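Survey of secondary and tertiary structure
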Protein chains: 2
Amino acid sequence: MFERRQPIPIADAVKKIIAFPHQAVIEHVPIEESYGRFLAADLTATHDVPHFDRSPYDGFAIRSIDTEGAGISNPVEFEVIDHIGAGAVSAKIVSRNQAVRIMTGAMMPEGADAVVMFEVAHTYEKNEVPFMSIKRSIKKGENVSFRGEDAKEGEVLVKKGISINPGIQAMLATFGYNQVPVAKKPLVGLFATGTELLEVDEPLVPGKIRNSNSYMIAAQIARSGGTCRYFGKLPDEFDTCFTAVKNAIDKVDFLITTGGVSVGDYDFLPEIYQKLGAEVLFNKVAMRPGSVTTVARHNGKLLFGLSGNPSACYVGFELFVRPVIRIALCSPKPHLRKEKAILEVDFPKANPFTRLVRSTVYLEDGRLKVVPSGLDKSNIIMSLSGANALTILPGGTRGFTAGSEVTVLLLEDQTGSEWPW
Amino acid sequence: MFERRQPIPIADAVKKIIAFPHQAVIEHVPIEESYGRFLAADLTATHDVPHFDRSPYDGFAIRSIDTEGAGISNPVEFEVIDHIGAGAVSAKIVSRNQAVRIMTGAMMPEGADAVVMFEVAHTYEKNEVPFMSIKRSIKKGENVSFRGEDAKEGEVLVKKGISINPGIQAMLATFGYNQVPVAKKPLVGLFATGTELLEVDEPLVPGKIRNSNSYMIAAQIARSGGTCRYFGKLPDEFDTCFTAVKNAIDKVDFLITTGGVSVGDYDFLPEIYQKLGAEVLFNKVAMRPGSVTTVARHNGKLLFGLSGNPSACYVGFELFVRPVIRIALCSPKPHLRKEKAILEVDFPKANPFTRLVRSTVYLEDGRLKVVPSGLDKSNIIMSLSGANALTILPGGTRGFTAGSEVTVLLLEDQTGSEWPW
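Below you will find a few notes about this structure.

Definitions and limits used
Counting from 1, residues in each chain are numbered in the order their sequence is written. As a convention, the first chain written is A and the first ligand written is 1, with the rest following in written order. Per-residue local features of the predicted model are confined to residues with pLDDT of at least 70, and side-chain atom pairs are confined, for both listing and counting, to 80 or more; whole-chain, interface and lining totals are unaffected and use all residues. Heavy atoms from the whole structure form the basis of all side-chain values; hydrogens and water molecules are not counted. Residue contacts are counted whenever heavy atoms from the two residues lie within 4.5 Å of one another. Salt bridge, as used here: a side-chain nitrogen of Lys or Arg that lies within 4 Å of a carboxyl oxygen of Asp or Glu. Counting of polar contacts relies on pairs of N or O atoms within 3.5 Å, with two restrictions inside protein: one atom must be capable of donating a hydrogen and the other of accepting it, and residues adjacent in sequence are counted only when both atoms are side-chain atoms. Labels follow the DSSP assignment, with helices taken as runs of H or I lasting at least four residues and strands as runs of E lasting at least two, numbered in each case from the N terminus. Least-squares fitting of one copy onto the other uses the C-alpha atoms of those residues that reach a pLDDT of at least 70 in both copies. Only the stretch in contact is used when a helix axis is fitted, and all axes are lines through C-alpha atoms; the angle between N-to-C directions ranges over 0 to 180 degrees. Here is the rule for handedness: rotate from the far helix to the near one, and if that takes an anticlockwise turn smaller than a right angle the crossing is left-handed, while a clockwise turn gives right-handed. Just so you know the grouping, Ala, Val, Leu, Ile, Met, Phe, Trp, Tyr, Cys and Pro go in nonpolar, Asp, Glu, Lys and Arg go in charged, and all remaining residues, Gly too, go in polar. Relative accessibility thresholds used throughout: buried, under 20% of the residue-type maximum; exposed, over 50%; partly exposed, between the two (1.4 Å probe, protein chains only). By construction, the arc corresponds to the directions joining the helix axis to the C-beta atoms. The span one expects for a helix is its residue count, reduced by one, times 1.5 Å.

Between chain A and chain B, the residue contacts involve 85 residues of the former and 85 residues of the latter. One can count two salt bridges joining chain A with chain B. The closest approach of N and O atoms between Arg101 of chain B and Asp265 of chain A, which form a salt bridge, is 2.5 Å. In this assembly, chain A and chain B are joined by 15 residue pairs in polar contact (both at pLDDT 80 or more). Within the residue set of the side of chain A that touches chain B, elements represented by two or more residues are strand 4 (76–84), strand 9 (156–158), helix 2 (166–174), strand 13 (209–210), helix 3 (213–224), strand 20 (337–343), strand 22 (367–372) and strand 24 (405–410) of chain A. The leading source of residues in the side of chain A that touches chain B is helix 2 of chain A, at eight residues.

Set out below in structure tokens:
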């Protein structure tokens with residue numbers, strides 16, 4: 001009747017999963033579609049920035065040498081020989097006591113080596129010819145942005161595995177990355193198992209509940225950067241489940257099932273893995289919730305058997321599935337970001353198992369604080385809605401008191417941790 | 001030559017923008033597409049959760065009264081009259097010394113008021129009839145999840161204006177929200193102006209640079225929750241710009257232009273606003289970068305004239321455009337989230353203006369710390385790539401030293417602030 005399972009520590013379970021060889025696949029997407037994707041190659045400067053000497057202000061481009069000796073009582077006069085806006089290039093060469101009226105961003109004209117800002121120039125006309133004069137000397141290079149000042153051609157500016165943010169979008173555009181090399185989103189197959197499950201649009205009937213795990217997991221897959229392929233829900237019937245799982249494996253990069261992994265009379269996943277000939281990496285983890293999480297390997301694919309319990313399912317995904325998705329996205333920090341926070345409530349009851357409590361972290365006066373996001377019963381989906389972190393409460397003989405420092409794993413974060421365990 | 005502009009404080013500029021009446025539009029999207037969208041109505045429990053008394057464990061449903069007096073030397077025996085998994089409903093009524101074998105999640109059978117977990121039951125058969133016995137008494141209600149224990153019908157579980165996360169997805173599914181009421185994403189029109197601009201796929205030529213602001217702003221619009229409609233780039237020609245802007249206004253909810261708002265010879269936006277008859281809310285803000293940011297109002301629409309300088313453009317968007325997008329998404333906290341952080345570097349130079357320094361915040365031992373994300377020259381797009389915050393350095397006569405507490409605005413955040421100024 002009772003299958004005896006040997007629980008392994010969370011860290012060991014994660015190690016077994018990430019030891020599996022994961023290959024990132026590169027694809028190119030138009031820059032318009034690259035925001036939020038993960039760079040699959042280093043972003044390299046394809047040219048100097050700026051790629052020409054330019055004026056950072058509106059003013060007059062001159063030869064600094066012509067301002068030597070200028071002073072309050074000794075203004076220097078320049079004839080304004082051209083007028084250029086950004087994007088225009090002057091055909092003139094600036095000679096002695098000549099100036100080109102130049103706008104912000106425009107290329108420095110030949111011969112000029114400094115810019116006089118409007119504010120320090122006195123402008124006037126003589127016989128309809130524009131002139132300007134200044135009453136101080138200007139240093140060579142003053143008010144000039146030099147070629148390569150911001151970035152040098154060939155420089156690596158952003159490392160691969162980083163999620164593309166608005167600033168990186170700007171850099172991609174600057175360097176002409178019309179097509180952006182990004183990591184292909186891994187395709188994660190998903191089945192919900194359970195005879196008790198109704199579709200979202202079905203009316204309630206006694207004994208049955210609506211399938212919520214699939215929608216939750218689909219969102220977790222999206223948040224992690226993967227693509228979900230939902231295959232539907234399955235009743236607790238061995239043959240139906242076996243055939244469905246067997247046929248789905250080849251269509252996806254990873255396969256998630258929810259439910260059916262415990263030791264109940266209708267929990268068929270263990271038998272399904274056995275009949276498939278899949279190698280079970282582990283089927284019990286020393287943690288709450290999610291202890292029955294099972295991961296197996298078959299035909300080069302990972303099969304994630306998450307619990308049907310919503311909280312256990314949620315936690316199992318974040319600890320075990322998220323890292324493999326992030327590895328497939330080239331991320332050097334594929335795990336949930338680990339931080340320290342101050343616990344704001346008591347957890348008086350001791351628990352022999354390591355608990356992962358769905359929590360809300362927030363900052364107060366620059367300090368990270370954490371409270372559980374709901375009642376900590378593992379069957380309460382309500383507590384998931386406010387969760388932006390998991391608080392790790394190590395198993396032991398004592399409870400935890402408000403004010404103590406605890407470790408939290410952040411859920412809404414693109415940075416990640418290399419190894420939080 | 002010089003147009004004199006009166007700078008106003010950032011807070012006043014933001015106030016002028018959000019004083020404008022903003023109407024959220026509700027639309028319904030399939031639950032599969034609702035992750036990351038903003039709820040446009042409160043999420044209410046459409047039924048009790050659970051909606052029937054159920055067993056939270058695998059075990060035997062019994063009448064607790066039958067266990068009275070049970071003990072080590074006085075086991076009580078039960079005939080197992082049925083066997084149900086989750087989703088099944090027993091047709092049997094549990095009478096005296098009868099039990100129903102029940103799996104996690106299944107509905108309690110009639111007559112039973114407690115569950116005996118497998119671990120405490122001894123099972124056996126007599127004449128092929130299954131029996132079980134226990135050696136302790138069980139309390140009424142023990143191991144039963146009662147109807148309404150997690151949520152009561154009619155209860156508001158999530159307030160409108162919240163971004164839908166995986167936990168909320170689960171709740172939406174549970175309550176049968178097949179179609180989810182979300183705020184329609186505001187459509188934000190976008191023009192880049194500047195004769196110096198090349199398309200991303202065009203080769204560089206002297207004096208010109210590739211248009212990077214449009215891609216950056218498009219990503220910022222997406223990050224804020226809006227939809228970008230990019231109308232293309234415009235040369236610095238008054239008539240072309242005027243016609244393009246005029247024709248675009250009616251096609252979008254807000255219109256952003258980048259460039260052309262300063263006092264340079266080819267900065268035509270001020271004249272365009274004038275010819276349109278638009279009411280300029282402000283055209284100078286007491287801040288660096290982004291002081292020339294201009295916002296006008298025309299035909300009930302806001303026109304955002306952001307600077308062409310990438311950093312100023314970036315900051316102008318986050319301070320002034322993001323809040324109106326978030327207001328349109330029903331968010332009660334539409335502004336960038338404001339927090340306190342420890343400055344990790346010196347800013348020795350005083351500056352009379354309030355500076356918004358593109359920065360990277362990170363946690364160290366549970367404390368928020370901040371460093372500038374690059375050199376703080378406003379024309380350096382490189383510093384944008386690592387930015388996840390803006391550090392506010394108030395204007396004054398002194399610099400800032402490492403170790404001091406500063407205010408930061410978080411960029412990668414869905415929580416927001418009600419009013420950070």
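Relative to chain B, chain A is turned by 180° and slid 0.0 Å along the rotation axis, the superposed coordinates differing by an RMSD of 0.1 Å. Interpreted geometrically, this transformation is the action of a two-fold axis. Closest approach to the rotation axis among the C-alpha atoms of chain A is made by Arg367 of chain A, whose C-alpha sits 2.3 Å away.

Residues and elements named next belong to chain A. Where helix 1 (residues 10–18) contacts helix 6 (residues 310–328), the two axes come as close as 10 Å, and the packing angle between them is 35°. Crossing geometry of helix 1 relative to helix 6 is assigned as right-handed. Counting all contacts with helix 1, which are made through Ile10, Ala13, Val14, Ile17 and Ile18, the residues of helix 6 involved are Leu319, Phe320, Pro323, Val324 and Ile327. Looking at side-chain class alone, the contact of helix 1 with helix 6 contains 10 nonpolar, no polar and no charged residues.

The subject of this paragraph is helix 5 (residues 269–276) of chain A. Residues and elements named next belong to chain A. Turning to helix 5, its buried residues number three or more, namely Leu269, Ile272, Tyr273 and Leu276. The buried residues of helix 5 occupy an angular sector of 100° when the element is viewed end-on, so they sit on one face. Helix 5 presents Gln274 and Lys275 as exposed residues on the side facing more than 90 degrees away from its buried surface. On its buried face, helix 5 is in contact with strand 11 (187–193), helix 4 (238–249), strand 15 (254–258), strand 16 (279–282), strand 18 (294–298) and strand 19 (301–306). Count one or two residues on from helix 5 and you reach Gly277, which has phi positive near 80°.

Our next topic: the pattern of salt bridges. Residue and element names in this part refer to chain B. This model, assessed by the stated rule, comprises 24 salt bridges over all chains. With its nearest N and O atoms 3.1 Å apart, the salt bridge here joins Glu364 to Lys369. With a relative accessible area of 39%, Glu364 lands in the partly exposed category. Its relative accessible area of 15% is what places Lys369 among the buried residues.

As a further point, take helix 3 of chain A. Residue and element names in this part refer to chain A. For helix 3, built from 12 residues, the straight-helix expectation of 16 Å at 1.5 Å per residue is met to within 8% by its first-to-last C-alpha distance of 16 Å. Of all 12 residues that make up helix 3, 10 are buried, and the element is covered over most of its length. Every buried residue of helix 3 is listed here: Asn213, Ser214, Tyr215, Met216, Ile217, Ala219, Gln220, Ile221, Arg223 and Ser224. Once helix 3 finishes, Gly225 follows within two positions and takes phi at roughly 110°, a positive value.

In short, geometric facts, not functional conclusions.
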